Amino acid sequence: MSDKRLSKSTTDKKVCGVLAGIAKYFNVDPTLIRLGFIVLALATAIFPCLIGYFLAYLVLPDDTDV
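Rules used in this analysis
The written sequence of each chain sets the order in which its residues are numbered from 1. This being a predicted model, a pLDDT of at least 70 is required before a residue's local features are given, and a value of 80 or more before pairs of side-chain atoms are given or counted; all residues contribute to the totals for chains, interfaces and linings. Values reported for side chains reflect all heavy atoms of the structure, with hydrogen atoms and water molecules removed beforehand. To sort residues, take the accessible area from a 1.4 Å probe on protein chains only and compare it with the maximum for the residue type: under 20% means buried, over 50% means exposed, and anything in between is partly exposed. Per the convention used, a helix needs a DSSP run of H or I reaching at least four residues, while a strand needs a run of E reaching at least two, with both numbered from the N terminus. Contacts were defined at the residue level, with two residues in contact if any of their heavy atoms lie within 4.5 Å. A carboxyl oxygen of Asp or Glu within 4 Å of a side-chain nitrogen of Lys or Arg is what we treat as a salt bridge. Buried residues of nine kinds, namely Ala, Val, Leu, Ile, Met, Phe, Trp, Tyr and Cys, make up a nonpolar core once their side-chain atoms join them within 4.5 Å. Candidates for patches are residues over 30% relative accessible area with no salt bridge; among them, like charges are joined within 9 Å and nonpolar side chains (Val, Leu, Ile, Met, Phe, Trp, Tyr) within 5 Å. The Shrake-Rupley method, run with a 1.4 Å probe sphere, supplies the accessible areas, and residue values consider only the shown protein chains as cover. The aromatic pairing rule takes the rings of Phe, Tyr and Trp, using the six-membered ring of Trp, and pairs them if the centres are within 6.5 Å, calling planes under 30 degrees apart stacked, those over 60 edge-to-face and the rest tilted.

**What about helix H1 (residues 18-26)?**
Then step 1. Every buried residue belonging to H1 is among Val18, Leu19, Ala20, Gly21 and Ala23, and all of these are buried.
Then step 2. Taken together, the buried residues of H1 touch helix H2 (30-43) and helix H3 (47-59).

The following block contains the structure:
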C-alpha cells in the first residue's frame, strides 16, 4: 500500500500550492492541472472553482507537515 497523501506544495506554488499538490499526488505536470482548472473555472462562471480552491487551501496540509 502506498503512503501517498494529498497536500499543498510548498516548493512549486503559484498562488497557494493547491494545484501543484494535486499534480504531485496524481504524478502529472502541474501546468496541465492549472490549465484544466482555468478551463473548468471559465466553464462554471469562476465562483464555484474559487470556493473549492479556497476550501482546499484551508483543509490540505503543507507537504512539509505530512
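Alright, that's what it looks like, and here's the rest.
**Thoughts on the pattern of salt bridges**
Then step 1. As enumerated under the stated definition, the model contains two salt bridges in all.
Then step 2. One salt bridge connects aspartate 62 with lysine 8, and the closest N-O pair in it is separated by 3.6 Å. Here aspartate 62 is found in the segment after H3, whereas its partner lysine 8 is found in the segment before H1, with 54 residues between them in sequence.
Then step 3. Looking at aspartate 62, the relative accessible area reads 29%, which means it is partly exposed.
Then step 4. According to the relative accessible area criterion, lysine 8 is buried, its value standing at 8%.
Then step 5. With a closest N to O distance of 3.7 Å, aspartate 12 and arginine 34 form a salt bridge.

**Considerations on the nonpolar core**
Then step 1. Ranked by size, the top nonpolar core spans five residues in total: Val18, Leu19, Tyr53, Ala56 and Leu60.
Then step 2. Of all the secondary-structure elements, those providing two or more residues to this core are H1 and H3.
Then step 3. Contact partners of leucine 19, with chain neighbours within four places excluded, come to Ile33, Arg34, Phe37 and Tyr53.

**Focus: a nonpolar patch on the surface**
Then step 1. On the surface, a nonpolar cluster with roughly 730 Å² of combined accessible area is contributed by Phe47, Ile51, Phe54, Leu55, Tyr57, Leu58 and Val59.
Then step 2. Mapping leucine 58 onto the fold places it in helix H3.

**Here's the deal with the packing of aromatic side chains**
To describe a pair of aromatic rings, you give the distance between the ring centres and the angle between the ring planes.
Then step 1. On inspection of all chains with the given rule, the structure shows two aromatic pairs.
Then step 2. Seen in terms of ring centroids, phenylalanine 37 and tyrosine 53 are 5.8 Å apart; in terms of plane orientation they differ by 55°. Their pairing is tilted. Placement of phenylalanine 37 in helix H2 and of tyrosine 53 in helix H3 is noted, with a sequence separation of 16 residues between them.
Then step 3. The exposure class assigned to tyrosine 53 is buried, which follows from its relative accessible area of 16%.

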